[in-house]
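Working through the structure, step by step
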Amino acid sequence: MKDYIEERAINIAVYIIDNNATVRQTAKAFGVSKSTVHKDVTSRLMQVNPALARQARTVLDVNKSERHIRGGLATREKYAQSSRGR
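Some details on the nonpolar core
Looking at soluble globular proteins, one finds that nonpolar side chains tend to be buried together. In this structure, Ile12, Ala13, Ile16, Val37, Val41 and Leu45 are the most contacted members of the largest nonpolar core, which totals 13 residues. Looking at this core, the elements with two or more residues in it are helix H1 (3-19), helix H3 (34-48) and helix H4 (50-65). Discounting chain neighbours no more than four positions away, the residues touching Ile12 are Thr26, Phe30, Val37, Asp40 and Val41.

Structure follows, in structure tokens:
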């Protein structure tokens, strides 16, 4: 694996842990795709730093389990804003 990919994987994991970030937020911050973020954290990082990979994976698992709640809140806010404009 190339050095810059290893470094990116570590930086992505640190960002996720420090900011409690989702895959989407992380991808936007690093200018890469969601697939790249997921691949970096789940497979590439396991080869470089397994402990860091497990920490990042824990944050992503929590975010995934709360995903449906965030979606519902976003929908509620969307419709609350549209009713204010009437």
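There is more to say, and it comes next.
A word on the pattern of salt bridges
Applying the stated criterion across every chain yields a total of three salt bridges. Between Arg8 and Asp40 there is a salt bridge, with its nearest N and O atoms 2.8 Å apart. Here the residue Arg8 occupies a position in helix H1, and Asp40 occupies one in helix H3, the gap between them amounting to 32 residues. Residue Asp40 is classed as buried on the basis of its relative accessible area of 0%.

Side note on the packing of aromatic side chains
Scanning all chains against the criterion turns up one aromatic pair. Seen from their ring centres, Tyr15 and Phe30 are 5.5 Å apart, and the 85° between their planes marks the pair as edge-to-face. One end of the pair, Tyr15, is in helix H1; the other, Phe30, is in helix H2 (residues 23-30), and 15 residues separate them in sequence. A relative accessible area of 27% places Tyr15 in the partly exposed class.

Points about the packing of H1 against H2
At their nearest, the axes of H1 and H2 sit 10 Å apart, and the two run at 130° to each other. Our classification of the angle between H1 and H2 gives oblique. Both H1 and H2 take part in a crossing whose hand is right-handed. Residues Asn11, Ile12, Tyr15 and Ile16 of H1 pack against Gln25, Thr26, Ala29 and Phe30 of H2. Here the residues of the contact of H1 with H2 sort into five nonpolar, three polar and no charged.

The rules behind these values
Residues numbered from 1 in each chain as written. Predicted model: local features only at pLDDT ≥ 70, side-chain atom pairs only at ≥ 80, totals over all residues. Heavy atoms only, no water. Core = buried A, V, L, I, M, F, W, Y, C linked by side-chain atoms within 4.5 Å. Buried < 20%, exposed > 50% of the residue type's maximum accessible area, 1.4 Å probe, protein only. Helix = DSSP H or I, 4+ residues; strand = E, 2+ residues; numbered from the N terminus. Contact = heavy atoms within 4.5 Å. Salt bridge = Lys/Arg side-chain N within 4 Å of Asp/Glu carboxyl O. Phe/Tyr/Trp six-rings, centres within 6.5 Å; stacked < 30°, edge-to-face > 60°. Axes fitted to C-alpha atoms, helices over the stretch in contact; angles between N-to-C directions. Parallel < 35°, antiparallel > 145°, perpendicular 65-115°, else oblique. Left-handed = near helix turned anticlockwise from the far one by under 90°. Nonpolar A, V, L, I, M, F, W, Y, C, P; charged D, E, K, R; others polar.

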